Amino acid sequence: MAKPNISIVIIGEAGQGINSVGEILVKVVQSYGLYAFAWTELMSRIRGGLNSTQIIISNQRARAPLQRIDLLVPLKEKGVYHHHEQFTNETMILSEFPVNNYNSYQIPYLKKAREIGDPIFANIIAAGLLIGLVNIPFEYLKKFIVRQFKTKGENVINSNIIAAEFGFNSAISIKKMYPEKFNGIPNDDVSKEKVIDGSTAIALGAIAGGVKFLAAYPMTPSSGVWTYLARVGNELDIITEQAEDEISAMNMGLGASYAGARAMVTTSGGGFDLMTEGLSLAGIQETPIVVHLAQRPGPATGLPTRTEQADLELALYAGHGEFPRIIFAPGNYEQGFYLTALAFDWTERFQTPVFVLTDQFFIDSLYSVKPFDLSRIKISNYVVETQEDYERYKLNETGISPRGIPGYGRGFVHGDCHHHDENGHISEDLKLRTKMVDKLMNKYRAINSELIEPELVGTPDYELLVLCWGSNYEIVKEAIRLINSKNISMLHFSQVYPIHPVTYQYLKKARKLCMVENNATGQMAKLLKLTFGINIENLILKYNGLPFSVEEVANRIGNLI
Amino acid sequence: MAKPNISIVIIGEAGQGINSVGEILVKVVQSYGLYAFAWTELMSRIRGGLNSTQIIISNQRARAPLQRIDLLVPLKEKGVYHHHEQFTNETMILSEFPVNNYNSYQIPYLKKAREIGDPIFANIIAAGLLIGLVNIPFEYLKKFIVRQFKTKGENVINSNIIAAEFGFNSAISIKKMYPEKFNGIPNDDVSKEKVIDGSTAIALGAIAGGVKFLAAYPMTPSSGVWTYLARVGNELDIITEQAEDEISAMNMGLGASYAGARAMVTTSGGGFDLMTEGLSLAGIQETPIVVHLAQRPGPATGLPTRTEQADLELALYAGHGEFPRIIFAPGNYEQGFYLTALAFDWTERFQTPVFVLTDQFFIDSLYSVKPFDLSRIKISNYVVETQEDYERYKLNETGISPRGIPGYGRGFVHGDCHHHDENGHISEDLKLRTKMVDKLMNKYRAINSELIEPELVGTPDYELLVLCWGSNYEIVKEAIRLINSKNISMLHFSQVYPIHPVTYQYLKKARKLCMVENNATGQMAKLLKLTFGINIENLILKYNGLPFSVEEVANRIGNLI
Amino acid sequence: MTQDKFSLKNIDIAWCPGCGNFGILQALKDALTELNIKPEKLVLVSGIGQAAKLPHYVRTNFFNGLHGRYLSAATAIKAVNPELTVIAVSGDGCTYGEGGNHFIHTIRRNPDITNIVHNNMVYGLTKGQASPTSQIGFKTPVQIDGVFELPFNPISIAVALDASFVARTFIGDIEKTKEIIKQAITHKGYALVDILQPCVSFNKVNTYAWFKEHTYYLEDKYDPFNRYEAFKKACEEDPLPLGIIYKNPGRKIFEDNLNVYRKDKTPIIWRDIEKRMSFIKEFFKEES
Amino acid sequence: MTQDKFSLKNIDIAWCPGCGNFGILQALKDALTELNIKPEKLVLVSGIGQAAKLPHYVRTNFFNGLHGRYLSAATAIKAVNPELTVIAVSGDGCTYGEGGNHFIHTIRRNPDITNIVHNNMVYGLTKGQASPTSQIGFKTPVQIDGVFELPFNPISIAVALDASFVARTFIGDIEKTKEIIKQAITHKGYALVDILQPCVSFNKVNTYAWFKEHTYYLEDKYDPFNRYEAFKKACEEDPLPLGIIYKNPGRKIFEDNLNVYRKDKTPIIWRDIEKRMSFIKEFFKEES
Ligand SMILES: Cc1ncc(C[n+]2csc(CCOP(=O)(O)OP(=O)(O)O)c2C)c(N)n1
Ligand SMILES: Cc1ncc(C[n+]2csc(CCOP(=O)(O)OP(=O)(O)O)c2C)c(N)n1
Ligand code: SF4
Ligand code: SF4
Ligand SMILES: [Mg+2]
Ligand SMILES: [Mg+2]
């Protein structure tokens with residue numbers, strides 16, 4: 001029986017270009033008209049070790065890791081059995097190294113690569129081989145190579161093409177002995193899409209949202225957003241600055257924002273810890289700021305290149321004192337784009353910090369999206385020209401005072417970190433203190449009228465409701481599809497704080513609730529309990545640094561029914 | 001009718017020594033054999049402004065602010081009406097300045113002080129006056145003055161005595177027109193007690209708990225603990241070091257602890273934000289550390305010299321990633337002492353951070369305590385001599401591996417911030433990752449077998465249960481006593497995390513629940529909801545920077561019945 | 001001279017009577033007035049401490065941020081709107097203690113801001129602990145045996161960092177301080193003015209008299225452009241030289257280095273973002 | 001020579017083949033062996049980065065802490081147990097970027113520790129962003145037009161801070177590096193050894209060949225005790241001088257300044273706390 005998709009894993013050392021094979025494949029496959037998805041798991045090192053990329057090629061939209069491996073390409077001997085727990089009877093290992101007890105076929109990637117001139121060509125050979133195995137015409141790969149290496153000159157292009165051809169031709173002989181299980185049917189709509197990674201989705205969202213200033217300190221997996229904005233900053237009037245540390249990054253962001261530039265910071269857990277005092281400043285000073293917090297496994301340095309969803313509570317409670325905040329956790333790149341753009345709008349509108357919470361899995365995956373719908377992006381101006389009697393913290397019903405910026409108007413703009421009077425001057429008026437705290441808290445009234453509903457996928461007549469948030473969207477959705485039960489639906493939160501009250505109805509209706517999270521303590525389940533008083537007894541947790549696979553979620557959900 | 005106590009308020013500028021009047025009175029009154037209590041509210045400035053101290057003198061133990069003012073001593077004209085909302089028909093203002101519409105008596109503090117040689121003597125005059133008004137023999141004050149100024153020489157002592165006498169003599173004439181309402185009956189037991197402030201309680205707890213190293217950066221109201229330890233450090237083998245910032249303070253603390261010194265840091269909200277990455281390091285490195293977090297109103301600089309209880313959630317969730325922690329919040333100085341000592345024991349025993357959560361009200365109050373019972377202090381050694389095959393993170397059932405220190409034994413001690421193997425080396429073994437996370441989380445099993453029960457004050461047959469935590473202990477207790485209803489009891493948490501499971505029984509039994517907290521969002525109520533699924537509908541909150549008064553709590557509880 | 005433009009009415013200044021901070025406030029307002037700076041186009045940026053309250057006493061815009069972090073905010077404010085005059089002002093503890101890393105790296109960036117440091121060699125607001133500039137032997141409630149850490153010499157470090165303008169003044173001389181502040185403001189690039197300021201409440205050692213006795217003005221012939229001579233001067237500890245100790249006119253400023261200002265001097269806050277939509281559309285037209 | 005004492009068996013070193021870090025590891029282990037240091041009495045303290053992984057490759061105790069914060073931990077380890085040899089080691093980003101404030105203030109404290117900085121002028125582990133020591137014009141994925149911030153010169157700053165031992169070496173010469181590390185370890189007080197280290201993966205400018213060409217050894221007659229001469233040397237940028245650039249033998253170390261060690265040299269970790277109970281009892285006997 002033909003499978004709906006094919007799962008390929010390439011494994012090798014850091015420095016062998018494992019994830020560039022993933023990128024080539026996904027882009028070539030997409031240009032041909034099939035859906036493709038890649039995600040990567042890396043060690044925290046520049047050379048050596050063992051990294052792998054999984055590529056899924058499918059006739060349907062594919063955006064989630066699979067447990068099953070159909071084809072394995074080990075570019076390093078120690079990689080041959082590394083994934084053995086994921087092998088099936090049908091797994092085929094396309095290896096240069098001896099393979100015992102599994103279906104295998106011999107391909108001399110490295111030998112041939114060295115012949116062509118550099119062991120690095122092994123990855124192009126692998127790409128050619130795989131393109132051939134999924135029956136994509138060679139010209140798609142060739143076109144990609146020509147485009148990719150056009151700045152590197154003829155020689156480089158030619159060597160790559162030779163390598164690719166070698167791989168492609170090897171596919172022909174393999175196909176004879178390896179019955180095809182996946183039959184790709186190209187689709188024009190797919191080839192019109194665009195392959196992006198998570199950093200690009202967030203960066204484009206920031207661009208659309210009007211970012212003018214980003215300050216950051218390098219930290220995996222958060223730096224990609226910055227790299228993207230640095231590259232296009234000159235063209236798009238965006239200042240990106242490498243700060244000496246995260247504290248400076250945050251305080252630069254707030255300075256820029258105070259002065260009228262839409263500003264963001266991008267960081268990960270440990271760096272964010274250092275920003276939390278600044279977050280508290282943003283709260284009381286009511287200075288807008290977008291925080292992109294890309295999660296990775298902690299505590300401390302933890303597993304720096306892996307994935308986890310364990311900083312939700314950190315985002316929720318970070319910074320001393322009490323002030324409002326908003327947390328988005330996009331489930332896919334479309335949500336990543338629209339929510340990041342919205343984050344810029346909301347932080348200006350509500351004058352309080354807004355988070356975009358992603359993770360390494362979200363950031364480093366690759367798949368194609370339709371062109372984003374720019375008509376959905378609203379750019380409003382929330383800055384007023386000040387009059388002489390301008391007061392930055394004017395009290396009113398909404399808690400949101402008109403925001404001026406220095407040098408625009410005849411008034412003065414006093415951004416202050418103390419308890420202050422309406423004008424922004426230090427105050428020790430304790431009656432006013434209560435009013436000023438209420439002012440901050442009152443913002444929730446306005447925020448609560450705008451919340452984003454969680455998304456129900458599946459029948460409204462569910463018995464088991466599977467909850468998830470952030471980057472688990474596509475995985476859980478696919479798992480539910482796989483289980484294909486008419487009693488099971490998924491509810492996904494892309495705004496994790498504050499939570500839309502309609503959630504209560506969804507939760508109440510379920511006979512059974514279960515939460516899927518990439519952490520050890522069920523942080524979102526706790527937040528739901530706190531918000532709605534509803535206990536979610538079934539937690540499907542994973543915290544070994546890898547994302548869930550579809551089968552894994554499906555099985556663990558299956559155990560509940 | 002004689003009142004059970006008398007409430008005195010002294011108000012003046014920063015620099016006038018307002019709180020030293022409080023200190024003198026409390027100490028002299030206690031030496032005479034009456035209970036006394038003082039608390040202070042200060043502006044964040046060194047000179048000028050308006051500060052006040054309330055002193056309560058009583059035949060019963062007094063440790064809580066009162067709304068009512070019986071005697072007001074304004075040492076600054078603008079202070080006369082500052083507390084007018086707290087005046088009763090019987091309030092007497094003992095003022096140098098004209099007073100309209102209230103009972104008053106003229107005392108030329110400043111004029112006389114200047115005559116004696118320095119306006120600063122005004123506060124000794126006030127002390128003499130008040131000592132006289134509560135019928136304490138002058139010799140008690142004199143003795144105090146002689147002791148206090150013995151290093152300053154005869155002249156200073158004499159001038160102070162002259163000032164004190166002038167005040168004391170003024171009392172005689174006042175007493176004729178001001179009918180005595182408080183009749184103090186001295187008690188020998190009281191005079192054997194010792195007046196201390198909150199910093200001293202915590203510092204003595206740290207001393208008893210074996211602190212060897214403290215690093216800090218100055219921050220109100222947390223620095224008093226450090227000042228105390230700095231003063232006695234030479235004698236008691238304690239290193240105290242001023243770090244360049246709180247980040248350094250925390251990382252010094254961890255270095256010292258790793259090397260075998262019991263270590264603590266002391267800070268407040270904004271400084272603690274900067275320590276949170278280090279907290280996360282302590283979590284994964286399993287290095288013991290005691291964090292004294294003295295709360296003050298935020299966000300950011302907020303109201304730096306006032307009080308609040310808004311950093312409970314910060315302590316609960318600070319630091320990225322997931323790791324265990326313990327939070328104590330002492331309700332009085334006895335608890336402060338024993339719990340701080342215990343914090344040192346538990347952080348060594350469970351190898352995870354332990355917090356002592358106080359606040360400005362707790363730190364800056366003054367009252368007497370009985371000598372602490374040192375037989376309750378347990379000093380255990382949790383450090384092992386290492387063997388050659390020593391592994392710092394040896395896996396076992398409890399999650400707690402024997403802890404070695406460098407230079408003690410033949411093994412090597414590897415303190416690491418990554419996901420690591422049992423030996424402390426960086427690891428990317430993802431199966432081990434799950435085990436290592438479980439190891440950390442398993443510590444809660446041991447911790448949970450030791451939790452401190454919340455304290456029930458009042459009848460076990462309550463209908464309304466009034467909950468509180470930390471420094472509200474004495475206030476709520478006194479309010480409950482004042483209401484004197486047989487249906488109302490108080491439940492106080494001195495360990496706020498993890499919460500003892502017996503709490504559930506207490507909560508379930510109540511017909512009505514109410515929580516008293518010094519913050520705007522009911523953080524402890526949220527934590528109880530999260531832990532036990534029980535909603536506490538009645539929140540008595542205050543967040544203007546001042547502690548509750550007894551009457552205020554009593555009235556607001558009264559509104560619930 | 002009139003300072004109405006920068007003076008606020010009915011303010012309650014939280015400083016102690018006699019404090020050197022008053023002189024700094026005076027010198028700064030005078031300098032601003034004489035330079036004809038528009039209050040609307042000025043931003044004072046400060047941290048936390050007694051010194052850091054200064055912006056609250058001036059009629060202008062301000063960003064009063066966190067203890068130690070004000071230079072980062074100031075750099076960014078200037079970067080997104082170079083038309084503003086940005087003056088960053090705080091205490092020695094805030095700048096050289098908590099903020100030490102930003103001090104270093106701000107000098108490396110060289111934004112066109114003026115940095116006024118009220119150097120009272122003590123932590124005033126927190127009641128008298130040692131600051132990085134406290135002298136050896138200085139006793140405090142927590143340095144009970146006196147300071148032993150080598151004092152931080154902001155001048156020598158700034159010279160070592162090749163800062164573009166480095167000056168020290170003593171607020172006993174408001175007039176000279178004002179003159180140097182004026183030069184610092186007109187200087188293009190990061191300008192440090194470390195002002196010796198007696199704290200009458202917590203520093204009983206480094207008083208007006210002490211500073212008077214332990215300082216001297218650089219001779220007129222002193223050449224502030226020679227880095228090595230400047231370093232020597234900077235290292236002098238007793239007496240402390242006053243004046244402009246070092247100037248490096250060769251350094252390009254941060255804002256001018258930013259690519260967004262290479263062709264177009266319009267502050268980025270005023271630029272519209274219309275081209276972004278076509279950028280995104282184009283992006284989707286390109287092949288993956 | 002044998003390094004068995006400090007070598008670990010069967011380890012997988014995470015560095016790139018050809019990286020200068022290997023040489024530093026070698027030089028350090030050789031130095032330790034030649035100095036006859038006991039592995040049990042040694043603690044290596046590091047932060048985060050490629051350089052900071054070094055302690056994992058040495059047979060001894062280590063404290064691997066946070067990015068930028070290792071000097072604080074090292075200072076405290078030495079303070080509570082001065083019998084340990086403490087060597088703090090990390091990268092240029094960790095030490096001069098994130099850790100800049102601790103670098104400054106550790107020099108002010110002058111603990112008796114050795115600070116080895118792998119200076120590859122780049123952020124290796126995070127894949128090639130500029131570090132504070134990156135040269136002007138250095139292009140990276142985020143400094144797309146090249147670095148323009150003035151590079152941080154650790155040597156001149158350390159001299160300005162009057163550090164007690166300041167050296168620079170180039171790991172192209174392992175033997176000389178080892179000799180200088182030995183002197184740094186035996187030196188009493190904070191000793192900085194900034195080691196120029198090619199990063200073969202992310203710094204294609206400052207290669208072995210580049211460093212060879214752009215460095216030279218100080219002449220034998222060079223006098224490292226003269227602070228002004230040292231400052232001049234420190235400021236030389238091309239070629240970069242190698243060797244011990246500055247030594248200040250006059251500085252007392254942190255541990256000796258700590259009152260707890262004035263009379264009694266026993267590390268405080270070994271002192272019992274019995275007298276504390278009588279201290280508390282006495283406290284309660286004194287009148288309030
Ligand atoms: C993160 C943080 N740590 C500590 C403090 C407490 N604090 C406020 S002002 C100050 C020191 C001020 O000293 P300095 O900067 O020299 O200013 P001065 O008061 O002497 O003018 C400190 C430590 C704080 N506000 N924030
Ligand atoms: C607080 C924090 N911010 C950022 C990081 C990410 N990070 C890890 S290593 C590194 C830079 C390392 O550069 P360097 O210290 O020069 O060491 P190298 O890798 O070049 O040897 C950074 C930024 C981190 N671990 N922690
Ligand atoms: S405490 Fe010192 S610095 Fe602060 S205002 Fe008073 S005298 Fe000035
Ligand atoms: S990335 Fe650079 S510094 Fe790191 S190991 Fe590789 S070559 Fe060495
Ligand atoms: Mg100061
Ligand atoms: Mg480096």
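Residues numbered from 1 in each chain as written. Chains lettered and ligands numbered in written order. Predicted model: local features only at pLDDT ≥ 70, side-chain atom pairs only at ≥ 80, totals over all residues. Heavy atoms only, no water.

What exactly am I supposed to notice about the coordination of the magnesium ion (ligand 5) here?
Tetrahedral coordination by four donors places them ideally at 109.5 degrees to one another around the metal; octahedral coordination by six donors ideally gives 90 or 180 degrees. Residues and elements named next belong to chain C. The magnesium ion (ligand 5) binds to the protein through Asp92 (OD), Asn120 (OD1) and Val122 (O), with metal-donor distances spanning 2.1 to 2.2 Å. Motif for the magnesium ion (ligand 5), donor spacing along one chain: D-x27-N-x1-V. On the accessibility criterion, Val122 (2% relative accessible area) is buried. (Donors = N, O, S within 2.8 Å, 3.2 Å for Na, K, Ca; no water. Buried < 20%, exposed > 50% of the residue type's maximum accessible area, 1.4 Å probe, protein only.)

Honestly, the packing of aromatic side chains in this entry has me stumped. Any pointers?
Geometry of an aromatic ring pair is reported as the spacing of the ring centres plus the angle between the planes. This model, assessed by the stated rule, comprises 68 aromatic pairs over all chains. Taken together, a centroid distance of 5.1 Å and an interplanar angle of 75° make the contact between B:Tyr32 and B:Tyr140 edge-to-face. You can see B:Tyr32 sitting in helix α1 (residues 18-32) and its partner B:Tyr140 sitting in helix α4 (residues 138-148), a full 108 residues away along the chain. Its end group placed over the ring of A:Tyr338, A:Arg376 keeps NZ or CZ at 3.7 Å from the ring centre. The aromatic ring of D:Tyr217 is capped on one face by D:Lys176, whose charged end is 4.1 Å from the ring centroid. (Phe/Tyr/Trp six-rings, centres within 6.5 Å; stacked < 30°, edge-to-face > 60°. Helix = DSSP H or I, 4+ residues; strand = E, 2+ residues; numbered from the N terminus. Lys NZ or Arg CZ within 6 Å of the ring centre and 35° of its normal.)

Would you mind showing me how to read the confidence of the model for chain C here?
Detailed reading of the predicted model is not advised wherever pLDDT is low. Residues with a pLDDT of 70 or more make up 99% of chain C, whose mean pLDDT is 96. For this predicted complex, the interface score ipTM comes out at 0.98, alongside a pTM of 0.98. (pLDDT = per-residue confidence, 0-100.)

Could you clarify how one ought to interpret the sheet that holds strand β2 (residues 61-64) of chain D in this entry?
Hydrogen bonds between backbone atoms are what pair the strands of a sheet, whose relative direction is either parallel or antiparallel. The mixed open sheet is built from 9 strands, whose spatial order is β15(B)-β2(D)-β1(D)-β3(D)-β4(D)-β6(D)-β5(D)-β8(D)-β7(D). With partners counted over all chains shown, the strands left at the sheet margins are β15 (414-415) of chain B together with β7 (215-217) of chain D, one partner each. In this structure, strand β4 (residues 114-119) of chain D lies alongside strand β6 (residues 191-196) of chain D, joined through 6 bridges in parallel fashion. When the sheet's bridge partners are listed, D:Val117 is paired in β6(D) with D:Asp194. Against the sheet, helix α9 (residues 246-258) of chain B contacts β15 of chain B together with β1 (42-46) and β2 of chain D, and its axis sits at roughly 160° relative to β2(D). Here helix α2 (residues 70-80) of chain D sits on the sheet and contacts β1, β2, β3 (85-91) and β4 of chain D; the angle it forms with β3(D), its principal contact strand, is near 180°. (Pairing = 2+ DSSP bridges. Contact = heavy atoms within 4.5 Å. Axes fitted to C-alpha atoms, helices over the stretch in contact; angles between N-to-C directions.)

Mind showing me how you'd approach the site of ligand 2 here?
Around ligand 2, the surrounding shell holds 22 residues, and the nearest of these are A:Glu246, D:Gln50, D:Asp92, D:Cys94 and D:Gly124. Chain contributions to the surroundings of ligand 2 come from chains A, B and D. Contact between ligand 2 and D:Gly93: an oxygen atom at 2.9 Å from a main-chain N or O atom of the residue. Contact distances for ligand 2 include 2.8 Å between an oxygen atom and a backbone N or O atom of D:Gly124. Bound to the protein, ligand 2 loses 98% of the 590 Å² it would expose on its own. Considering each element in turn, the shell around ligand 2 owes the most residues, 4 residues, to helix α3 (residues 92-98) of chain D. Here the residues of the shell around ligand 2 sort into 10 nonpolar, 8 polar and 4 charged. (Near = heavy atom within 4 Å. Polar contact = N/O pair within 3.5 Å; in protein donor to acceptor, adjacent residues only side chain to side chain. Areas by Shrake-Rupley, 256 points an atom, 1.4 Å probe, with all protein chains shown as cover. Nonpolar A, V, L, I, M, F, W, Y, C, P; charged D, E, K, R; others polar.)

In this structure, what is going on with the coordination of the magnesium ion (ligand 6)? I would like to understand it.
Residues and elements named next belong to chain D. For the magnesium ion (ligand 6), the protein coordination sphere consists of Asp92 (OD), Asn120 (OD1) and Val122 (O), at 2.0 to 2.2 Å. Binding-site remark: the magnesium ion (ligand 6) is held by donors from one chain whose sequence spacing is D-x27-N-x1-V. Placement of the pair is Asp92 in helix α3 and Val122 in the loop between β4 and α5 (154-160), with a sequence separation of 30 residues. Per residue, the accessibility class of Asp92 equals that of Val122, and both read buried.

Where do I start with the site of ligand 4 in this structure?
In the vicinity of ligand 4, the residues found are A:Ile46, D:Trp15, D:Cys16, D:Cys19, D:Asn21, D:Gln50, D:Asn120, D:Gln197, D:Cys199, D:Val200, D:Ser201 and D:Phe202. Those chains with residues close to ligand 4 are chains A and D. Considered class by class, the residues forming the shell around ligand 4 number 7 nonpolar, 5 polar and no charged.

Whenever I open this one, the sheet that holds strand β12 (residues 326-328) of chain B confuses me. Can you help?
Residue and element names in this part refer to chain B. An order of β9-β8-β10-β11-β13-β12-β19 is seen for the 7 strands of this open sheet, with the pairing classed as mixed. Lying at the two open borders of the sheet, with one neighbouring strand each, are β9 (239-242) and β19 (495-497). Taking each pair of neighbouring strands and ignoring which way they run, the sheet shows an average axis angle of 20°. By the bridge criterion, 3 bridges tie β12 to strand β13 (residues 354-359) in an arrangement that is parallel. If you follow Phe328 over to β13, its bridge partner there is Val356.

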